Every structure is written in C-alpha cells, then in structure tokens.
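# Per-entry structural report
Below are the chains, spelled out letter by letter.
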Amino acid sequence: MSLNEDDSAAPASAIVPTALPHGEQIPYHRLARLRPRYRWWRMLLTGIVGVALYVAILFLLLVPLVIASLFVPGWGAEMQVLLTTVQYFDLDRPWLFLALVLPLILMIPALLLASRIVEGRGVGLLSSVTGRLRMGWLGRSLLLALAVFVVYFAVVLGWSAVTGEAIVADFSHPALGVMVLLVLLLIPFQAAAEEYVFRGYLMQLVGGWLRHPAFAILLPVPLFVLGHGYDVWGAASVGTFAIVAAWLTWRTGGLEAAISLHIVNNALIFLLGTVSLVDANATTGTPVDLLASTVAMVVYALLADRWAGRLGVARTASRSSVAEARHGTHRLDRMLHG
C-alpha cells in the first residue's frame, strides 16, 4: 500500500447530498469526500476494518512469541515483565522499548489497507492534499522542529540547573548504543503512525460530516489524550500537542509538519532519557512544564505555517487537481510498461 497514491474521485454522496463543485478548493480535513467510494458511513467502516486488521496482525506476531516462551529458558519470565511493567523505557531491557513502539507502528499498514479496501483508490489523500507524503516539506519541517526543540530542552535543562537540580549526563550504561539506535530507527515510524490515525483518519472522518475545521481539530483530542496515561498536567500537555498538530495539518494541507513535531519531541525525550537527563517514563507534569512545552509547540507551529506559505506548500486540493494527478500517473504507467 503506497503512501504516495494520488488518484481522482467519483462524485461524492454524504449526509448532505450536495456534489462538490469541480473547482472548489478542499482543505485537508474534507479530503475523504474526494475518494471514489465516498459515503458518509464508509470511514466508520474503515475504522472497524482497520481495528480488525490490526488485531489480526498483532495476533500473528504474538502467538509465535508466546509459544517460544514456553520452550526457551528465561522467555517466560521476560514475558511476565512485558505484561506487568509500566516502565517500558528500561536500559537494562531495550527489547521492552521495541515491544512498546512496534505495535504502534503496525497501525500504519492496518489503516492504509483498511482505507484501500473500504474507500477505494486515493489512500494517499490521508497524507496530504497532493495525494502523497511531501518528502521535501517533511525534511524542512523536521529541521525546523529540531531547531526549536533543541532550544526548548536547553532552556528547560538550564533552568533546572540554575534552580539547584543536578544535571549530569550518564553515558556509562552498556546498552546505551542499542537504545539510541532503537530510538532513531523506530520513533519516526511510531510518530507517523499516531499522526496517520489521530490527525489523518480521525480528522477526515469528522471533516467528512462537518465542514468547519474546528470540529475536525478538536473532536479527536480526547481520544488522543486517553491513549496517554498522564496526570492532569501531562494530559493537558498532550491535549495541547494534539490541537497544535491538527491545526498544522489543516493549515499546511498534510501530515508532514505534525509528523516532524511528533518525531522530534519523542526522539529528544528518549535520547535524553538514555543519558539520564530526563525521565522518559514520567507520567506527571507541572503547570510550568505545560506552559514551557506549549510555548515551544506554538512557536514551531507559527514558524512552520509561515514557512509553508513562503515555500508555496499546497494547502488545499480540488477535484480537477486530483484528476490531473491521476491522469499523469496513468500516462507514466503506460510509458513505463509500454
């Protein structure tokens, strides 16, 4: 299933059965209406099918592991740790981090396959208004997010040092290199998976029914917060993150800027956690933490939005532009295959 699929759509029918004008500019949260099989209920069905596929994929992975744990010495005890621990970031057991992140990554194939089965061609519209993940913009927004959040964490750690907290990096753990490698390899896909589900699927699900972007931005937020077991201040920070990421997705016409924000935020927390500068397992926060993280996220969002405007990053799509992209793809296919 390609993230870069870019196809046209047949006339849509929805709760309000009014055909979209051919030249109307469609924002990201309304892109589901450009899919060839669009009906108001189809994205709900996509979610159901996606959950079923996700459970099936997890089942296929877990059954061999459970069977192996019955025969391989020590695996049974480790499986018990997996089922009971709440501290998944453990330098003594890097595989716990893999066990936490890999199931999240598997949401990507489950969602994209379900979307293709239920809604037909145009899966790439989950990525952006161009029907693909715009790698150039993804790279630029990734660099911007890195710059903003390096400054943010430097200020946070500097303030902690000024207030008397001991800030000492520990590079002595023998599994540090393994954990750093796992973070760098897995976090980009984990962050992308959550964005495809919460800012991609859910925003377009709501946007297929309700025109105003505020509904698509705000209604999925509680689900995202519930997926993170934090206290009230931590939950408020997660909710703010969800709003900023969704606003960016709407404003820039795609998931790239939100994915970049998610990657950099998570990767820096875990990388700093490997050297004991932050607690990567923390589930609590403070009002100061909330204020500081909100400022960093808002600064990044405003800069990314302005940069996207200067670069001419597409913010909307139309039936005609999607159709032109489809015909271009078909012409290329004919050239390549004779």
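Up top you'll find the structure we're talking about.
To start, this report covers the structure provided alongside it. By convention here, each chain's residues receive numbers from 1 onward along its written sequence. Restriction of local features to residues with pLDDT of at least 70 applies here, the model being predicted, together with a cutoff of 80 or more for giving and counting side-chain atom pairs; totals for whole chains, interfaces and linings are based on all residues. Hydrogens are left out, water is left out, and the side-chain values use all remaining heavy atoms of the structure.

### Topic: the overall build of the protein
To qualify as a helix, a DSSP run of H or I must reach at least 4 residues; to qualify as a strand, a run of E must reach at least 2; elements of each kind are numbered from the N terminus. Helices and strands together make up the secondary structure of the protein, namely 12 helices and 2 strands. Contacts in the protein between residues at least 24 apart in sequence constitute 82% of all its contacts with a sequence separation of at least 6. Counting every atom, the protein has about 16,600 Å² of accessible surface; 71% of that belongs to carbon and sulfur. By definition, residues are in contact when any of their heavy atoms lie within 4.5 Å. With residues, only the protein chains shown are counted as cover, and all accessible areas are computed by Shrake-Rupley using a 1.4 Å probe.

### Describing the packing of aromatic side chains
The rule is short: rings of Phe, Tyr and Trp, with Trp giving its six-membered ring, pair when the centres are within 6.5 Å, and they are stacked under 30 degrees, edge-to-face over 60, tilted in between. Under the criterion given, the structure shown has 8 aromatic pairs. Ring centres of Trp137 and Trp307 lie 6.2 Å apart, and the angle between their planes is 80 degrees; on these two criteria the pair is classed as edge-to-face. Of this pair, Trp137 sits in helix H5 (residues 135–162) while Trp307 is found in helix H11 (residues 287–311), placing the two residues 170 residues apart along the sequence. We call a residue buried when its accessible area falls under 20% of the maximum for its residue type, exposed when it is over 50%, and partly exposed in between, using a 1.4 Å probe and counting protein chains only. Since its relative accessible area comes to 4%, Trp137 is described here as buried. Assessed through its relative accessible area of 29%, Trp307 is described here as partly exposed. Relative to Phe224, the ring of Phe198 has its centre 5.0 Å away and its plane inclined at 75 degrees; by these criteria the two rings are edge-to-face. With Phe198 in helix H6 (residues 176–207) and Phe224 in helix H8 (residues 221–226), this residue pair connects regions lying 26 residues apart in the sequence. Among the aromatic residues, ring-to-ring pairing joins Phe89, Phe97 and Phe270 into one connected group. Note that Arg199 overlies the ring of Phe224, its terminal NZ or CZ placed 4.3 Å from the centroid. Sitting over a ring, as applied to charges here, requires NZ of Lys or CZ of Arg to be within 6 Å of the ring centre and within 35 degrees of the ring normal. The positively charged end of Arg251 is found above the aromatic ring belonging to Trp250, 6.0 Å away from the centroid.

### Considering the side chain of Asp90
In this structure, Asp90 sits in the loop between helix H2 (75–84) and helix H3 (94–105). We treat Lys and Arg as the positive residues and Asp and Glu as the negative residues; His and chain ends play no part in the count. The term salt bridge refers to a pairing of a side-chain nitrogen on Lys or Arg with a carboxyl oxygen on Asp or Glu at a separation within 4 Å. Despite its burial, Asp90 remains without a salt bridge, the nearest opposite charge being carried by Arg93 at 4.0 Å.

### What to know about the packing of helix H1 (residues 42–71) against H6
Put simply, H1 and H6 touch, their axes get as near as 9 Å, and they point 150 degrees apart. By the angle between their directions, the pair H1 and H6 is classed as roughly antiparallel. In the crossing of H1 with H6, the sense of the turn from one axis to the other is left-handed. Seen from H1, the contacting residues are Met43, Leu44, Thr46 and Gly47; seen from H6, they are Tyr201, Gln204 and Leu205. Axis definition: a line fit to C-alpha positions, over the contact stretch in the case of helices; interaxial angles, taken between N-to-C directions, run 0 to 180 degrees. In these notes the angle categories are as follows: under 35 degrees is roughly parallel, over 145 is roughly antiparallel, 65 to 115 is roughly perpendicular, and the rest is oblique. We call a crossing left-handed when the near helix sits turned anticlockwise from the far one by less than a right angle, and right-handed when that turn is clockwise.

### Observations regarding the pattern of salt bridges
The tally for this structure, following the rule as stated, stands at 6 salt bridges. The salt bridge involving Arg35 is made with Glu119; its shortest N-O contact spans 3.6 Å. With Arg35 in the loop between strand E1 (26–27) and H1 and Glu119 in helix H4 (residues 107–119), the pair connects residues that are 84 residues apart, well separated along the chain. In this structure, Arg199 and Glu195 form a salt bridge, with 2.7 Å as the shortest nitrogen-oxygen distance. Here the residue Arg199 and the residue Glu195 both occupy positions in helix H6, the gap between them amounting to 4 residues, near one helical turn. Glu195 carries the same exposure label as Arg199, and that label is buried.

### Comments concerning the nonpolar core
For this analysis, a nonpolar core means a set of buried residues of the types Ala, Val, Leu, Ile, Met, Phe, Trp, Tyr and Cys, connected via side-chain atoms within 4.5 Å. Residues Leu31, Phe149, Tyr196, Leu248, Ile259, Leu261 and Tyr300 are the most contacted members of the largest nonpolar core, which totals 63 residues. The element that contributes the greatest number of residues to this core is H6, accounting for 9 residues. Beyond its immediate chain neighbours, meaning those up to four positions away, Phe149 contacts Leu261, Val264, Asn265, Leu268, Ala296, Met297 and Tyr300. Among the nonpolar cores identified, the runner-up in size contains 13 residues, and Phe89, Ala267, Phe270 and Ala280 belong to it.

### A look at H4
An ideal rise of 1.5 Å per residue puts 18 Å on 13 residues; H4 measures up with 17 Å between its terminal C-alpha atoms. Taken together, the buried positions of H4 are Met107, Ile108, Ala110, Leu111, Leu112, Ala114, Ser115, Val118 and Glu119. Those residues of H4 hidden inside the fold are in contact with H1, H3 and H6. Immediately downstream of H4, the backbone of Gly120 shows phi near 80 degrees, a positive value. To estimate the expected span of a helix, count its residues, drop one, and scale the result by 1.5 Å.

### Digging into H11
Taking 1.5 Å as the rise per residue, H11 with 25 residues should run 36 Å; its terminal C-alpha atoms sit 36 Å apart, in good agreement. Turning to H11, its buried residues number three or more, namely Leu290, Ser293, Ala296, Met297, Tyr300, Ala301, Ala304, Asp305 and Ala308. Those residues of H11 that are buried lie in contact with H5, helix H9 (232–252) and helix H10 (256–274). Positive backbone phi, approximately 75 degrees, marks Gly312, located one or two places after H11.

All we've got here are geometric facts, nothing functional implied.
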